[in-house]
Amino acid sequence: MGFLDSLRSGLKRSREAINEIFYMGGEVDEDFWEDLEDTLVMGDMGAEVAMRVTDDLRDQAARENLTRAEQIRDALARRLAAEFPAAERDPFTDLPSCVLFVGINGAGKTTTVGKLAGRAREAGASCLIGGADTFRAAAIEQLEVWGQRAGVDVVTRERGADPASVCYEVVDEAERRGSELVLIDTAGRLHTSADLMRELAKVVNVTRKRSSMPVSVVLVIDATTGQNGLNQAREFNDALELDGLIVTKLDGTAKGGIALAISSQLGLPIYRIGVGEALDDLQTFDAQEFCRALVGEGM
Ligand SMILES: Nc1nc2c(ncn2[C@@H]2O[C@H](COP(=O)(O)OP(=O)(O)OP(=O)(O)O)[C@@H](O)[C@H]2O)c(=O)[nH]1
Ligand SMILES: [Mg+2]
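Residues numbered from 1 in each chain as written. Chains lettered and ligands numbered in written order. Predicted model: local features only at pLDDT ≥ 70, side-chain atom pairs only at ≥ 80, totals over all residues. Heavy atoms only, no water.

### Observations regarding the UniProt feature "domain: SRP54-type proteins GTP-binding" (unreviewed entry) in the chain
Part 1: Mapped onto the present numbering, the UniProt feature "domain: SRP54-type proteins GTP-binding" (unreviewed entry) falls on residues 96-296.
Part 2: A helix fraction of 46% and a strand fraction of 21% characterise residues 96-296, whose end C-alpha atoms lie 38 Å from each other. (UniProt positions renumbered as here; feature names shortened; annotations may be inferred. Helix = DSSP H or I, 4+ residues; strand = E, 2+ residues; numbered from the N terminus.)

### Observations concerning the packing of helix α4 (residues 47-64) against helix α5 (residues 72-81)
Part 1: For the pair α4 and α5, the least separation of the axes is 10 Å and the interaxial angle reads 135 degrees. By the criterion of interaxial angle, the relationship of α4 to α5 is oblique. As α4 packs across α5, the resulting crossing turns out to be right-handed. On α5, the residues touching Arg 52, Val 53, Asp 56, Leu 57, Gln 60 and Ala 61 of α4 are Ile 72, Ala 75, Leu 76, Arg 79 and Leu 80.
Part 2: Each residue belonging to the contact of α4 with α5 can be placed in one class, and the counts come to seven nonpolar, one polar and three charged. (Axes fitted to C-alpha atoms, helices over the stretch in contact; angles between N-to-C directions. Parallel < 35°, antiparallel > 145°, perpendicular 65-115°, else oblique. Left-handed = near helix turned anticlockwise from the far one by under 90°. Contact = heavy atoms within 4.5 Å. Nonpolar A, V, L, I, M, F, W, Y, C, P; charged D, E, K, R; others polar.)

### Looking at the nonpolar core
Part 1: Of all hydrophobic cores here, the largest spans 78 residues; its most connected members are Leu 250 and Phe 290.
Part 2: Phe 290 has contacts with Leu 7, Leu 11, Phe 84, Leu 250, Gly 256, Ala 259 and Phe 285, leaving out every residue within four places of it along the chain.
Part 3: Phe 92, Phe 101, Val 152 and Val 218 belong to the second largest nonpolar core, which has 21 residues in total. (Core = buried A, V, L, I, M, F, W, Y, C linked by side-chain atoms within 4.5 Å. Buried < 20%, exposed > 50% of the residue type's maximum accessible area, 1.4 Å probe, protein only.)

### Remarks on the packing of aromatic side chains
Part 1: Inspection of the entire model under this criterion finds six aromatic pairs.
Part 2: Among the aromatic residues, ring-to-ring pairing joins Phe 84, Phe 285 and Phe 290 into one connected group.
Part 3: It is Arg 149 that lies over the ring of Trp 146; its NZ or CZ is 4.2 Å from the centre. (Phe/Tyr/Trp six-rings, centres within 6.5 Å; stacked < 30°, edge-to-face > 60°. Lys NZ or Arg CZ within 6 Å of the ring centre and 35° of its normal.)

### Structural notes on α4
Part 1: Given a rise of 1.5 Å per residue, 18 residues ought to cover 26 Å, and the 25 Å separating the end C-alpha atoms of α4 matches this to within 8%.
Part 2: Residues of α4 that are buried include every one of Val 49, Ala 50, Val 53, Thr 54, Leu 57, Gln 60 and Ala 61, and no others. Each buried residue of α4 sits inside an arc of 130 degrees when the element is viewed along its axis, so together they form one side. Along α4, exposed side chains directed more than 90 degrees from the buried face belong to Glu 48, Ala 62 and Arg 63.
Part 3: Elements in contact with the buried residues of α4: α3 (30-45), α5 and α11 (257-266).
Part 4: Among the residues trailing α4, Asn 65 stands out with phi positive, at a value near 55 degrees. (Expected span 1.5 Å × (residues − 1). Arc of directions from axis to C-beta.)

### A short note on the environment of Phe 84
Part 1: With respect to the element layout, Phe 84 can be found in the loop between α5 and β1 (97-102).
Part 2: Along the sequence, Phe 84 and Gly 130 sit 46 residues apart, while their C-alpha atoms lie 30 Å from each other.
Part 3: With residues near it in sequence (within four places) discarded, Phe 84 still touches Ala 259, Leu 260, Ser 263, Ile 270, Phe 285, Ala 287, Phe 290 and Cys 291.

### Description of the pattern of salt bridges
Part 1: In total, this model carries 19 salt bridges according to the counting rule given.
Part 2: With a shortest N-O distance of 2.7 Å, Arg 189 and Glu 199 are connected by a salt bridge. Taken together, the positions of Arg 189 in the loop between β4 (181-186) and α9 (194-210) and Glu 199 in helix α9 put the pair 10 residues apart, joining distant regions of the chain.
Part 3: Overall, Arg 189 belongs to the buried group, its relative accessible area being 3%. (Salt bridge = Lys/Arg side-chain N within 4 Å of Asp/Glu carboxyl O.)

### Here we look at unusual backbone geometry
Part 1: The omega torsion of the bond from Leu 95 to Pro 96 falls at 5 degrees, within 30 degrees of zero and hence cis.
Part 2: The residue Pro 96 is located in the loop between α5 and β1 in this model.
Part 3: Of note in this structure, Asp 44 is not a glycine but carries a positive phi near 75 degrees.
Part 4: Assignment of secondary structure puts Asp 44 in helix α3.
Part 5: Residue classification places Asp 44 among the buried positions, given a relative accessible area of 8%.
Part 6: Here Glu 241, not a glycine, exhibits a phi torsion of approximately 50 degrees, which is positive.

### Remarks on the site of ligand 1
Part 1: Close to ligand 1 lie 20 residues, the nearest being Lys 109, Thr 110, Thr 111, Asp 251 and Glu 277.
Part 2: In this structure, an oxygen atom belonging to ligand 1 sits 2.9 Å away from a main-chain N or O atom of Gly 108.
Part 3: For ligand 1, an oxygen atom lies 3.3 Å from a polar atom in the backbone of Gly 188.
Part 4: When the free accessible area of ligand 1 is taken as 650 Å², the share hidden by the protein chains comes to 80%. (Near = heavy atom within 4 Å. Polar contact = N/O pair within 3.5 Å; in protein donor to acceptor, adjacent residues only side chain to side chain. Areas by Shrake-Rupley, 256 points an atom, 1.4 Å probe, with all protein chains shown as cover.)

### Focus on the packing of α4 against α11
Part 1: With their axes 9 Å apart at the nearest point, α4 and α11 run at an angle of 85 degrees to one another. If you check the angle between α4 and α11, you find them roughly perpendicular. Touching Glu 48, Val 49 and Arg 52 of α4 are Leu 260, Ser 264 and Gln 265, all from α11.
Part 2: Tallied by class, the residues present in the contact of α4 with α11 amount to two nonpolar, two polar and two charged.

So this is what it looks like as structure tokens:
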């Protein structure tokens, strides 16, 4: 299955809900606008975004005299796409660069580090993986497997080692080797755990201080988490001043709207999206393409 197909099938639930309102009566009347706003809210886009987008489209429809629901579909995709802030810099291709991956347990951090390392290697960049998830022995092994798969060295320490010291050593080693891209995996944690969030803030501060390369902090977020994803993102952003997002599992039965809610409300660009578990299942984010898959192309 191609990437667009897996994205489309992943976003099926959102699209079906949106399709329903387009086919219900076909007329753009008061009910249509109410249904549209409700559908966007139910698709996890958040009430604020849903209202703003619906109001703008309503103005546009009046201005351009759009009376058939089907005429709104393209405008909706374009208007949704405009909610995504663009990235000023791509931390995976604008090198040198050091990136820390953070997020809750199981979001896809380790997998994403592996995929990105594979890409960097293919592109001929000298890449180094840092393993600051020293919480579980299995986490270190998992990262090493990804390093082998990607053909990229992994620098880590034994289980229980202080993650901030590991980062310090990783950056040291990267400088010694002249690495251009450093990808550092961290242990998953709940945004509600104050101790673990403090530990992570220290990891970020030490890395920002020690590194002579620009440091980016990227939140990896599972698209299937739903509305709770926005709370998570907000807490991580408050604690760490995030630079951007990677949204994973968009090949699943995600509603997808959560990606828009977080990116738009926190003003954070989406650098990449995960569309599967394999090395190649990572894509550059294209807001237009994403929104067309979300809204559908009509029948
Ligand atoms: N379908 C799908 N599965 C994914 C994607 N990204 C990661 N996964 C799967 O999600 C699970 C968790 O991925 P990990 O990379 O281990 O997640 P993590 O954030 O490192 O987890 P912790 O280290 O426990 O915090 C694994 O089974 C991955 O294969 C994706 O884009 N699509
Ligand atoms: Mg992990």
